Structure formats: structure tokens, C-alpha cells
Amino acid sequence: MAPEGIRLLGRQRDGWRRPSRYSAFGLVRHGLGRAEWPRAWQEHDLSSGYDVVIVGGGVHGLATAYYLAANHGITNVAVIDKGYIGGGGSGRNTAIIRSNYLTPEGVRFYDRSVKLYESLSADLNFNVMFSQRGHLTLAHNDGSLRTMRWRAEVNKLEGIDSEVIGPEDIKRLVPFMDVSTDTRYPILGALYHPPGGIIRHDAVVWGYARGADARGVHIHQNTELVGIETVGDRVVGALTNRGRIATPVIVNCTAGWATLVADMVGVRLPIVTHPLQAAVTEPVKPFLGPVVVSGTLHVYVSQTDRGELVFGASTDPYPSYSMRGSLDFTEELAGHVLELMPSIAQLRVLRQWAGLCDITPDFSPVMGVTPVGGFFVDVGWGTYGFKAGPVAGEAMAELLATGTTPENIAGFDLARFAEGRLVGEKGAAAVGH
Amino acid sequence: MILVPCPHCGPRNVSEFRHVGEATARPAVASATPEQWRDYLYLRRNPAGWTIETWYHRAGCRAYFGAERHTVTNRFRRSWLGGQVSPPAAVAALDGGVEASSPGTPPST
């Protein structure tokens with residue numbers, strides 16, 4: 001259903017104000033003075049009505065709000081979150097950014113996201129610490145090596161820096177890696193993607209929140225959606241634990257709770273929620289440059305700017321909304337990491353946690369309109385949602401502002417499941433599901 | 001550790017099991033519409049709460065069995081032999097908040 005009328009939403013709010021600039025001069029001035037740093041975003045009372053209500057204060061929801069305000073001048077927008085912003089998937093992922101996908105559509109989509117991430121610190125005047133240190137996907141068998149050659153060629157055709165390298169080059173990039181041939185899964189080669197890397201995921205959330213807030217968007221934390229009011233087949237209001245909001249547009253940008261929110265308007269999503277566990281070690285001196293991923297061993301490793309090693313795995317093999325870690329996971333993870341880098345056996349794991357991943361049948365997101373007028377979705381982001389935050393926000397904002405689905409997300413529509421047009425992106429995640 | 005109550009072997013670590021899936025009713029082959037087949041293929045209840053599933057004890061007695069699990073706490077409250085236990089009726093019982101009968105027996109219909 002076409003969201004007619006949304007085009008008219010672009011009225012400016014009063015009280016538009018510029019964010020205070022973060023600069024070296026500002027740092028000195030605040031360091032010498034006694035003045036408090038201004039809050040990066042404000043708290044507001046809940047208005048009785050908004051033009052757009054975005055459910056979920058993660059990178060997708062806040063990016064959508066930011067681009068609605070920055071690109072389209074739509075600022076009467078609320079972002080509501082039942083907890084604190086960035087407390088869900090956006091604060092639980094392993095912060096890996098890359099665009100070396102398999103299909104040309106996938107490559108172009110994620111490359112746009114990488115480009116937005118590259119200029120994000122400047123655009124938001126907020127250091128998101130994007131560290132493009134390179135990304136290695138290891139091949140342990142002929143089949144993987146063949147797929148990587150395929151991916152490298154597709155990537156190069158799309159102008160992405162991506163190449164298959166051999167064990168000697170891997171050893172040069174990661175001297176601690178065991179590339180010998182007497183391991184259980186010998187390393188035959190790797191897909192090397194120099195623009196890939198890691199980012200400070202909290203900073204991305206805070207930067208978007210600050211940018212959106214400065215343009216007049218209201219961010220409401222501890223505000224839980226409890227129901228959606230409809231008249232006929234159109235959204236007219238959002239019911240929250242803090243009161244009712246009149247709104248013609250609700251955007252579901254949640255992860256983990258996507259089906260529960262959609263159930264409120266009777267829209268059924270082909271999503272099953274699985275936890276994905278991650279862990280972090282104590283900090284050590286920098287020794288690991290690129291991000292290292294092994295699909296066969298179901299593990300990915302990177303070293304943060306603080307020196308901690310961050311480990312992630314594939315999703316747990318059963319659906320759950322539990323965000324607790326498990327001993328099974330830590331044992332298996334440690335075994336696999338030590339197979340790659342035996343010398344880190346003495347490192348201690350500091351924390352482990354889980355995030356919720358909404359898995360769809362084709363491991364691709366569900367974005368766009370739904371059968372209920374004014375109810376939009378940007379969900380089903382499985383294990384690849386964080387790296388797509390900026391491009392998803394940009395595209396959803398364009399859809400809400402113009403009423404036309406942008407070409408780069410047209411293939412991710414909800415109707416594809418009914419019409420048998422599932423997306424064939426096999427490079428959706430670096431590890432198996 | 002998540003303990004899965006196998007009807008044959010008693011409570012065992014979840015790593016011994018394979019999660020088969022949420023119990024869903026297969027539509028009547030002769031009369032089902034494409035929409036019903038699509039729903040059967042792709043749509044799950046995916047609740048944050050009690051759910052009825054089929055599990056397989058792959059590293060044990062190799063039985064397929066039905067079980068009722070809470071997806072937030074990962075606690076099981078009962079399990080029974082025979083994967084299919086009239087899921088619609090069982091799910092309706094769940095939605096209606098009908099309390100569990102004794103462990104090891106299928107949900108009353």
C-alpha cells in the first residue's frame with residue numbers, strides 16, 4: 001500500500017538549534033573552565049502527537065530519524081526505546097564493517113554503508129572511531145576458496161578493494177596466526193578486504209542521537225510501546241507506558257522484538273529470534289591488525305583500540321529471547337580461537353553476553369511498507385544489522401519522506417515471501433547460521 | 001546450562017539435542033491455498049514466553065519429542081514422546097493460559 005500523504009510531513013519545528021561543535025579549541029576551553037559539557041541530547045516530555053514515531057533507539061532507528069531530519073527536513077519525529085538507546089543489538093554486536101558480499105546488489109548496498117561510515121565522524125561532528133584495519137575471511141577448504149575467488153571478482157567489478165591471498169600473505173598480516181598444515185582445519189587462503197574494519201558502536205548510536213536531537217527529533221528512553229491504534233487499516237496512534245501519541249506513521253526498527261511489535265497490528269513477519277553470543281578478553285598490547293573471520297570454525301576475532309580481543313560466533317541453534325551467555329559457547333569459542341592463534345592461551349575472558357538476532361528465511365532484512373497503512377518495518381537484520389545501519393536509515397528516511405521505495409531496498413520488501421522472490425545473498429554473514 | 005527434559009533419558013545438557021522447530025500444523029495437502037502453504041513455510045509465532053516445539057535427542061536416545069519451553073528463561077516445563085501433538089489445540093491452550101498438566105503428558109486438548 002502506498003503511504004500517500006507522508007510527503008506533506010516536512011514542516012519545520014520551532015526551536016531548531018545548532019549542536020555545540022566538538023573541537024580541539026572546545027576541549028581546551030572546557031578543560032580550563034568549570035563549565036559542564038552540554039548534554040549531547042535532551043530529554044523531553046512526551047508530545048501528544050508526532051508525524052513519525054520510530055520504535056527502537058538503536059542505530060537503525062536513530063539513523064532513520066537523523067536522515068529524516070537532515071536530508072528531508074522532517075523533524076516532528078519521536079524515537080522511543082523501552083530501555084536506553086543503543087542497549088540492544090547496537091551495543092551488543094562485534095562492530096565489524098565490510099562490503100565484500102557475493103551478489104552485486106549486496107555489494108552496492110553495503111558499500112554505500114561503508115561510504116557513509118567513512119564520512120560519519122565529519123558529518124556528525126562526533127568521533128565514531130572507524131578503524132579500517134582490513135578484514136580477513138579464512139578459507140579452510142576448496143569450496144570456501146572457490147567462493148572467495150568468486151566474491152573477490154564480483155567485489156572488484158563493483159570497485160571494492162578485495163582479493164584472495166595465500167597463507168604467506170596471511171602470516172605477514174597476522175604473525176600470530178597458525179598457518180601450518182598440521183592443524184585440524186589448515187588455512188588455505190583468505191579473502192582480504194582492506195577497507196573493512198571495526199568501529200566504536202556506542203559512538204555511532206550517540207552520534208546519530210546527538211545529530212537527530214539537534215535537528216529537533218525527540219528521543220524518549222524508557223518508553224515502551226504497548227499497543228498500536230488503527231482506524232480501518234491505517235495507523236492513528238501509538239500507545240506507550242507513558243501515554244498515547246497520535247501519529248500517522250510508526251516505523252518498527254526493533255531487533256529481537258520485531259515480531260512482537262508487528263503482532264500489535266496483526267502484521268506477521270517471517271522471523272525467528274535467535275541469540276548470538278560474544279565475548280571480550282582483558283586488554284593487551286596491540287598485536288592483531290585485521291579482523292579475522294573463519295566460517296568453518298564459526299568464529300571472528302578483532303582487537304579493539306583499547307586492546308581487548310572481541311570474539312563472536314554464529315547464532316545459538318535454538319530460538320530464544322535470553323541474553324545470557326553460556327559455558328558451552330565459551331568452551332567452543334576458546335577451542336576455535338586457539339586453533340587459529342595458539343599463543344593467546346593465557347588470555348582471560350572478561351565478559352560474555354548475547355544479542356538478539358531476527359533471522360529471516362533468506363538471511364536478508366525485511367524493509368518497507370506493510371499491509372497496514374502507516375506501519376513500516378526495518379527489521380529482520382539477523383547478524384548483519386549494525387554494518388547496514390547508515391544505509392538502512394538513509395533508505396527508510398527516503399521512503400517515509402517521498403512515499404517511494406528506494407531502488408536499493410526494493411528487493412527486501414515483505415511481499416517477497418508471499419510472491420516467492422526470496423533474496424539470494426549468501427554472503428550475508430561471515431559465519432554460517 | 002540449559003537442561004532439556006528428554007522423556008526417555010531425563011534432564012540432559014542442551015548440547016546433546018537438536019532444536020527441530022516450533023510445532024506447526026501442516027495444512028491439508030489437497031485443499032490448502034498458496035497462502036496457507038506460505039504461512040506453514042515461513043511464519044512462526046516466535047513468542048517471548050511459553051512455546052511448543054519439537055526436539056531431537058541426537059546424542060542420546062535419538063527420539064523426537066515435543067516439549068514446552070519458555071523462550072525468555074529457557075526453562076522447560078514438560079515434554080512428551082511423539083513430535084506432533086495436535087499443535088493448534090496445544091497452542092490454543094497456551095494462549096488461553098491453561099496451566100500445565102503433569103510432566104510427561106501431552107497438553108490436554
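Below you will find a few notes about this structure.

Cut-offs used in this document
Residues numbered from 1 in each chain as written. Chains lettered and ligands numbered in written order. Predicted model: local features only at pLDDT ≥ 70, side-chain atom pairs only at ≥ 80, totals over all residues. Heavy atoms only, no water. Pairing = 2+ DSSP bridges. Helix = DSSP H or I, 4+ residues; strand = E, 2+ residues; numbered from the N terminus. Axes fitted to C-alpha atoms, helices over the stretch in contact; angles between N-to-C directions. Buried < 20%, exposed > 50% of the residue type's maximum accessible area, 1.4 Å probe, protein only. Contact = heavy atoms within 4.5 Å. Phe/Tyr/Trp six-rings, centres within 6.5 Å; stacked < 30°, edge-to-face > 60°. Lys NZ or Arg CZ within 6 Å of the ring centre and 35° of its normal. Parallel < 35°, antiparallel > 145°, perpendicular 65-115°, else oblique. Left-handed = near helix turned anticlockwise from the far one by under 90°. Nonpolar A, V, L, I, M, F, W, Y, C, P; charged D, E, K, R; others polar. Salt bridge = Lys/Arg side-chain N within 4 Å of Asp/Glu carboxyl O.

Moving on: the sheet that holds strand β3 (residues 18–22) of chain B. Residues and elements named next belong to chain B. Here four strands make up an open sheet; going across it, the order is β3-β4-β5-β6 and the pairing antiparallel. Since the sheet does not close on itself, it has two edges, and those belong to β3 and β6 (76–81), each with one partner. In this sheet, adjacent strand axes meet at a mean angle of 30 degrees when their direction is disregarded. Bridge analysis of β3 against strand β4 (residues 50–56) gives four bridges, and the strand direction is antiparallel. Counted as the bridge partner of R18 is Y56 from β4.

Residues and elements named next belong to chain A. Summarising the element assignment, H220 is placed in strand β8 (residues 218–220). For H220, a relative accessible area of 1% corresponds to the buried category. Excluding residues within four positions of it along the chain, H220 makes contact with H44, D45, L46, Y50, A78, V79, I80, D81 and R242.

Before going further, it helps to examine the side chain of T71(B). Residue placement: T71(B) occurs in the loop between β5 (64–70) and β6. Classification of T71(B) by relative accessible area gives buried; the value is 4%. If we skip the residues at most four places from it in the chain, T71(B) touches S320(A), Y321(A), S322(A), P47(B), A48(B), G49(B) and T51(B).

Glancing now at the packing of aromatic side chains. With the rule as written, the count across this model stands at 20 aromatic pairs over all chains. Arranged with centres 6.0 Å apart and planes meeting at 75 degrees, the rings of Y22(A) and W37(A) form a pair that is edge-to-face. Residue Y22(A) is located in the segment before α1 (24–32), and its partner W37(A) is located in the loop between α1 and β1 (52–55); the two are separated by 15 residues in the primary sequence. Ring centres 5.9 Å apart and planes at 70 degrees place the aromatic pair W37(B) and Y40(B) in the edge-to-face group. With W37(B) and Y40(B) both in helix α1 (residues 34–42) and three residues apart, the pair spans about one turn of that helix. Residue Y40(B) is classed as partly exposed on the basis of its relative accessible area, which comes to 24%. Ring pairs connect the aromatic residues Y101(A), F109(A), Y110(A), W381(A), Y384(A) and F412(A), which therefore count as one cluster. The ring of W50(B) carries the charged tip of R77(B) above its face, separated from the ring centre by 4.0 Å.

What follows deals with the packing of helix α2 (residues 59–72) of chain A against helix α10 (residues 389–402) of chain A. All names here are of chain A. Between α2 and α10, the least distance of the axes is 7 Å, while the angle of their chain directions is 50 degrees. Compared by their axis directions, α2 and α10 come out oblique. Here α2 runs over α10; the crossing is right-handed. Of the residues in α10, those in contact with V59, H60, A63, T64, Y67, L68, N71 and H72 of α2 are G389, P390, A392, G393, E394, M396, A397, E398, L400 and A401. Here the contact of α2 with α10 is composed, by residue class, of 10 nonpolar, six polar and two charged.

This part covers the pattern of salt bridges. All names here are of chain A. All chains considered together, the criterion is met by 21 salt bridges over all chains. Of the charged contacts, one joins K115 and D111 as a salt bridge, the two residues approaching to 3.0 Å between their closest N and O atoms. Note that K115 and D111 are positioned in helix α3 (residues 104–118) at a spacing of four residues, about one turn of the helix. What makes D111 buried here is its relative accessible area of 16%.

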